[in-house]
Amino acid sequence: MKKLLKYLFIVSVGLFLFGCDKPAPTELFDDSQDDLAEFEVLGKDINDEFYSNGFDTTGVTQDLHELPNLISLSGIKVTNIHKETDEFSFAQSIFFERAVKIFSPGGRFLGFRSITPGIVKFDNKIARTVPLIVRYRENGVLQDTTLGDKYTLFSGRHGNLDQFRYRHNSMMNFRLNFFGQEVSFDIPTPVEITGNVEMLGSRNHGDLRALLHWNRGNTPDITIIIGARVRDRGIVMPLYRIRTRDDGELLIPTRFIKEIPLQNFDRVVFTFIRRFESTHQDNRGNDLLVSSQSIHSIVVNLN
Amino acid sequence: MFAGVNILSQSSFGLNGYWGLSPSFNTPLYGYESNSSNYSHVRDWGLSFIYGAEFAQKTNSNIYSISLSKTLSEHNLSARFTPGYQKEFIFNTGEAIIVEDSTSQSLTANFNYKELFGLGYSYKFSEQFSTGVTFRFFTQDFAQEIVSPVFGDTLFLIRETQNEKINYWKGDLGINYIVNEYLNFSLASINLLNFGEKAENSDFAKFEIKKEINAMLGISVIPIDEAVINFIYETTNSYQVSLNGYLSDFGFGLTLFHDEYQSPTIAGMIPTISYKGEIFELFVSGVKYFSNRKKNFGVTEFIENGINNIVNNRYSFDKLLLTVSFNINTVKERAVKMIDVEIVKDIYPTFSENYIDYPFAYGTVVNLTDEYVTVKPMARIEGVNEENIQSPISYIAPHDTVRVPFYVIIPESYSSEKVELSYADFYLFTNSDQPDDQFQKAVLLNSINSWDGRVSNLRYFIKKDLDLSMNHAKAVLSDNKSVLDTLPIALENFYKAKILFNEYVSNLVYVSDPRATGEYVQFPNQTLELRGGDCDDLSVGYSSLLESVGIQTALVDYKGNGKVRHVNLLFNTRLSPNQAKLITNNDTKYFVRESIDGKDEIWLSIEATSLTDFETAWKLGAEKFNKEAISELGIAKGIVNIIDIY
């Protein structure tokens, strides 16, 4: 027995001294092709629906402060709460004079001055020049101002204003006549996106969530923007941007829906965007962003 | 987000490379993975540790398990603490958050599967058949980062960690059948019983350990004493085969295993060397996988295939393990074994002296050791003995088989007049207070009046209660004191016998055995009280009266030679042949026998059933003796036996 106790003591001490670790974990690298979701906040100040976001139904969500020269083509669908869908086509081109900054009377930087250096055509339709209006709130007062002009073509619910049609999954021509010097190229457009929003659970039970479906297309990922309509104002404020694999399905967890304050917002807008995008530099070293996108916005009641 | 993940808690995998119902080692039986029935060889207490190093990106070491086992008779209880039975996974969830500076931060998840402890119970119905159950406790720690929006004056996203801990028990049943020393089988369930918590978070539910019900069959073949071949097959289509060899105190083992959830086909091997000491067993084993375990694994594979075993899965690292087991036997190892017991004598309580001289049973005993063993046999008959009666010590050579005699002592106080079927317990002790082996056998316990028909055994009835006979004889002789006082001393025995006989028969009648059987004999005082008996009873009674006053007697057994068997008696007059004429001139009425000290003495034959008077009984006895014992050469032929009472 003495011998046994000696052995037991030695083993116990040995185990105590050397056995305090635990098996090594296995670290798995992310090789997932199907599941990716990248979350970003868009509307940081939910009390200022016009500040800095530049969100509109064209899908241009970049901050105007940072926006480079832009050529954009959009095929847009909007489905209201009655499941009625309107379609729009929209093209625009904006060029900035980056030497000229425009500030509000209160000294707030609003953006660079925009210019119209020649004639712009989309699919041989001459684009109109219209003011590039930005809206901001200062000292509690809503203000409008222009940064200059931009080129635009539009058709949709309010009539075929410009006889312009956005074509999905094809090539559309852009042409710029710049003081006799002509620049022309074709812009590819992605497969049309058609989304569907299925609201699951209920807000009262605290499990309201949204299951989003869309048709799979020809881009590696799509962007989903979740916006909310400011109560009684008809203004949609973007809240989050989610970039996810173009795999046709995404569950928006409860926490993203239930946290939207009802006192501020009454509807949620899910915007599905499938986009081709490329960046070029012109002769003067300015960035030129060329994008084409298919957009489907679906409005649902938050209550 | 994810489809169901195939994660199972176990398969039949042993870390030390030994498993199956190994006849030589206890250590493999601590592994519930291959021994779900908790089968055990441990005689008393057993303790086992598995400690090992794991060759991950960096080498780290830990305790894998600490097991305790206790055997109580045919029951075995065990408990196992398994701090090293865990597998942790860290991976990106596939979600990311874009922060203020437009950089992307990935969200991570940490899933940890643990088997914390287990309990086992088994019951050995026989050396061949046993069954048992094991219960094991698992916990699963899930932690996953998520993005949550916070609405305040500003809207921002935060990273949160959601946690869930899910505990559950699993239980499995198993049976073992040892066909012989060369072959045994085991059959056990996998995930038969499952009870506990379930994940509330749907994201985690997909990652819970799977609990599909399966079964496993184990076969061990021992082609030669020095080797064991084990094979286990699971209905999951996983299997493993091992060869264990022994050489003196050393052993080696090699296990090859196929896991349906791992590749290649033979996923790995477990080489082992072992040493068996007096009180401990030592194993050094290695787990070597045949696929690269240090490569970077993708999360997709984990999601698609999961794991089916916490300690043995596609992500397990190579290991080097040390297993130490102790056999803490306060119950010593059995040195001898009793194969059978043969009862050679039924118990006739009145023959008590007979059992002191001759064993009533023999045990067939095997020495199980390599050394000479001193065996102390003991026996106890229920209803007769209150304590064990020790028999002579036997010495048994190594691995020899001998017949060990068992003796019994019938206490004088035993007085049952009923014939009963009782049982005797036989014990073999070597060098401790605990018997090495014991055996129980039925034994016929006769009444105190029972007789086996052997005339020689009537002497035990004669000697029984001799005091009562002496009191009676003295009283009779005292009444005839005046007659006796006038006689020569040489005739004292003759006249005492005569007086006692005449008084004895005066109130007796001959009756057949009241039990209608020759196996019932009355004690002398019973004959006097009942006033009658058959030849056995009357001869016993008269002999007892004579012996009680110092007159030497002998029973004469007339075996009958096909006729009715008969008993009467002789008594010693102590007269010399020259003095014979003092009692008779007929030399056919007496017989000369030589005493121990070489003197010739006159013996008279008395027919005790002649209930008339002494002279008639003497005459009849002498005639019968002359005829059957002498003229017909009965003594020479062995048909007539003379049995001296003392």
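Please refer to the structure placed before this passage.
Predicted, not measured: the structure shown is a model, and the values here were computed from it.

Calculation criteria
- Residues numbered from 1 in each chain as written.
- Chains lettered and ligands numbered in written order.
- Predicted model: local features only at pLDDT ≥ 70, side-chain atom pairs only at ≥ 80, totals over all residues.
- Heavy atoms only, no water.
- Buried < 20%, exposed > 50% of the residue type's maximum accessible area, 1.4 Å probe, protein only.
- Helix = DSSP H or I, 4+ residues; strand = E, 2+ residues; numbered from the N terminus.
- Pairing = 2+ DSSP bridges.
- Polar contact = N/O pair within 3.5 Å; in protein donor to acceptor, adjacent residues only side chain to side chain.
- Axes fitted to C-alpha atoms, helices over the stretch in contact; angles between N-to-C directions.
- Contact = heavy atoms within 4.5 Å.
- Expected span 1.5 Å × (residues − 1).
- Parallel < 35°, antiparallel > 145°, perpendicular 65-115°, else oblique.
- Nonpolar A, V, L, I, M, F, W, Y, C, P; charged D, E, K, R; others polar.

**Q** Describe in detail the pairing of strand S2 (residues 45-55) of chain B, supporting the description with residues and values.
**A** Residues and elements named next belong to chain B. Burial of S2 is extensive: nine of the eleven residues sit out of reach of the surface. Pairing of S2 with strand S3 (residues 59-72), which is carried by eleven bridges, proceeds in the antiparallel orientation. Its bridge partner being in S3, Glu 54 is matched across the sheet by Asn 60. Where S2 folds back on S3, the antiparallel hairpin that results is connected by three residues. In this structure, S2 lies alongside strand S19 (residues 319-328), joined through ten bridges in antiparallel fashion. Looking at the pairing, Ile 50 lines up with Thr 323 of S19.

**Q** Quick one: what's the story with the side chain of Lys 170 of chain B, residue by residue and with numbers?
**A** Considering the arrangement of structural elements, one finds Lys 170 of chain B in strand S8 (residues 155-180). At 2.5 Å, the side chain of Lys 170 of chain B and the side chain of Asp 172 of chain B are in polar contact.

**Q** Outline the pairing of strand S15 (residues 236-245) of chain A, supporting the account with residue identities and numerical values.
**A** Residue and element names in this part refer to chain A. Relative to S15, strand S2 (residues 37-41) runs antiparallel, the two sharing five bridges. Following the sheet pairing, Val 41 is matched in S15 by Tyr 240. Pairing of strand S14 (residues 221-230) with S15 involves nine bridges; the strand directions are antiparallel. Note that in S15 the partner of Ile 224 across the bridge is Ile 242. Hairpin geometry of S14 and S15 is characterised by an intervening segment of five residues between the two adjacent antiparallel strands and by a positive phi of about 65 degrees at Asp 232.

**Q** Quick rundown of the sheet that holds strand S12 (residues 195-200) of chain A? Include the residues and the values.
**A** Residue and element names in this part refer to chain A. Pairing in this open sheet of three strands is antiparallel, and the strands run S12-S13-S16 from one edge to the other. Strand pairing shows two members of the sheet lacking a second neighbour, S12 and strand S16 (249-252), which therefore form its edges. On average, each strand axis in the sheet is inclined to that of its neighbour by 20 degrees, with strand direction left out of account. Note: strand S13 (residues 209-214) against S16, four bridges, orientation antiparallel.

**Q** How would you summarise the sheet that holds strand S33 (residues 600-606) of chain B if you had to cite specific residues and measurements?
**A** All names here are of chain B. If you walk across this open sheet you meet the five strands as S32-S33-S31-S30-S34, and the pairing is antiparallel. The sheet is open, and its two edges are formed by strand S32 (591-594) and strand S34 (640-644), each paired on a single side. Going from strand to strand, the sheet's axes swing by 35 degrees on average, the running direction of each strand aside. Here strand S31 (residues 566-572) runs beside S33; their pairing, made up of four bridges, is antiparallel. Across the sheet, residue Asn 572 finds its bridge partner in S33, namely Trp 603. Together, strand S30 (553-558), S31 and S33 form the strand contacts of helix H9 (residues 535-548), whose direction differs from that of S31 by roughly 15 degrees. The strands touched by helix H10 (residues 614-631) within the sheet are S30, S31, S32, S33 and S34, with S33 carrying the most contacts at an inclination of about 105 degrees.

**Q** Could you give an account of H9 of chain B, naming the residues involved and the relevant values?
**A** Over its 14 residues, H9 of chain B extends 20 Å from the first C-alpha to the last, a length consistent with the 20 Å expected when each residue adds 1.5 Å. Taken across its 14 residues, H9 of chain B has 14 buried, putting it largely inside the fold.

**Q** Outline the packing of helix H7 (residues 492-506) of chain B against H10 of chain B, supporting the account with residue identities and numerical values.
**A** All names here are of chain B. At a closest axis distance of 9 Å, the pairing of H7 and H10 adopts a crossing angle of 105 degrees. Taken together, the axis directions place H7 and H10 in an arrangement best described as roughly perpendicular. Of the residues in H10, those in contact with Phe 494, Ala 497, Lys 498, Phe 501 and Asn 502 of H7 are Phe 614, Glu 615, Ala 617 and Trp 618. Taken together, the residues that form the contact of H7 with H10 break down as six nonpolar, one polar and two charged.

**Q** Which residues make up unusual backbone geometry, and what values do they have?
**A** A negative phi holds for most residues other than glycine; trans holds for most peptide bonds. Residue Pro 264 of chain B follows Ser 263 of chain B across a cis peptide bond; omega there is 0 degrees. Tracing the sequence through the fold places Pro 264 of chain B in the loop between strand S15 (250-258) and strand S16 (268-276). Here Asn 124 of chain A, not a glycine, exhibits a phi torsion of approximately 65 degrees, which is positive. With respect to the element layout, Asn 124 of chain A can be found in the loop between strand S6 (119-122) and strand S7 (125-126). Located in the positive-phi region is Asn 169 of chain A, a residue other than glycine, with phi close to 50 degrees. Relative to the assigned elements, Asn 169 of chain A resides in the loop between strand S9 (141-155) and strand S10 (171-178).

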